[in-house]
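In case you want the letters, here they are:
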Amino acid sequence: MLLKKKQSSDVAIAELSVKQAIEDLGHPDAARRREAAVALHGAEGAVTPLIDLLQTEARPEVREAAIATLLSVGSGDVIDFFIEQLRGDEANRRNEAVYALQQMPEQSAEKVKALLHDSEPDVRIMAVDVVRMLTISNAAIWLRELLQKEDQPNVVGVTVDRLCEIGSIEDLPTLEQTKERFADDPYLQFSIDLAMKRIICLDAEEPI
């Protein structure tokens, strides 16, 4: 099976067989690894080798190409990999995972929603960031439901900020209740007041 040559403004990618491209993912030359990752665009059989590559690859341009190719497949294994990356220790890789999941809104939505109930506050925060960018109608509802029961101030703060961006007049009662629950937190008081003002102004189509 041959993969069609991809058009690129910076590198001309030669036609490679899937087998040859997968082998080249382990090439010592970073340019060859990047070309191989690009050539594997849409190849479902390359998911595992690309994931293996991302476990050790340090060159940004190679990582970018590998992630783009994984996104072109968008399978359950790809989503599971990026969700697991959210739990890692490296900030750059967590940010990559947030970006990747945001590019697959329909495929990743339900699994991201589950992360809003994760036991780790940092994971919940990252899940909120992903949900904010999901082009689905339930995104604001999920954030509202999280806010109704979230007790960790940092998670609450991020959720309020994101709800401020995508929320509606229907979220005001939850924001008001949250303000009452965190009456002793000056930062949250300020953030919630700002979010409510913004939502009210946007609903009335008035400048903030």
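Here the structure is a predicted model, which is why all the values come from computation and not from measurement. As a convention, each chain's residues are numbered from 1 in the sequence order in which they are written. With pLDDT at 70 or above as the cut-off, local features in this predicted model cover only qualifying residues; side-chain atom pairs require 80 or more to be listed or tallied, and sums for whole chains, interfaces and linings still use all residues. Hydrogens and water molecules were not included; the side-chain quantities draw on all heavy atoms of the structure.

**Some remarks on the packing of helix α3 (residues 47–56) against helix α4 (residues 60–73)**
Then comes step 1: All axes are obtained by fitting lines to C-alpha atoms, using only the stretch in contact for helices, and the reported angles, taken between N-to-C directions, cover 0 to 180 degrees. For the purposes of this entry, the term helix denotes a DSSP run of H or I that reaches at least four residues, the term strand denotes a run of E that reaches at least two, and both are numbered from the N terminus. Running from N to C, α3 and α4 point in directions that differ by 150°, and their axes come no closer than 10 Å. By the angle class used here, α3 and α4 are roughly antiparallel. Relative to α4, the crossing made by α3 is left-handed. Here α3 contributes V47, L50, I51, L53 and L54 to the contact with α4, which in turn contributes V62, R63, A66, I67, T69, L70 and V73.
Then comes step 2: Residues were grouped as follows: Ala, Val, Leu, Ile, Met, Phe, Trp, Tyr, Cys and Pro as nonpolar; Asp, Glu, Lys and Arg as charged; and all remaining residues, including Gly, as polar. Its residues assigned to classes, the contact of α3 with α4 comprises 10 nonpolar, 1 polar and 1 charged. Our angle categories are set so that under 35 degrees counts as roughly parallel, over 145 as roughly antiparallel, 65 to 115 as roughly perpendicular, and the remainder as oblique. We call a crossing left-handed when the near helix sits turned anticlockwise from the far one by less than a right angle, and right-handed when that turn is clockwise. Residues count as neighbours in contact if any of their non-hydrogen atoms are within 4.5 Å of one another.

**Quick notes on the confidence of the model for the protein chain**
Then comes step 1: As a per-residue measure, pLDDT tells how confident the predictor is, with possible values from 0 to 100. With 91% of its residues at a pLDDT of at least 70, the protein chain reaches an overall mean of 89.
Then comes step 2: With pLDDT under 50 throughout, residues 1–12 is counted as low confidence; its partners more than four residues away or in other chains account for 18 contacts.

**Notes on the nonpolar core**
Then comes step 1: Residues enter a nonpolar core if they are buried and are Ala, Val, Leu, Ile, Met, Phe, Trp, Tyr or Cys, with the set joined through side-chain atoms within 4.5 Å. Partly exposed residues are those whose accessible area sits between 20% and 50% of the maximum for their type, while under 20% is buried and over 50% is exposed, using a 1.4 Å probe and protein chains only. F82, L101 and L175 are the most contacted members of the largest nonpolar core, which has 67 residues in total.
Then comes step 2: Those residues in contact with L175 that sit more than four places away from it in its chain are L147, V160, L163, I192, A195, M196 and I199.

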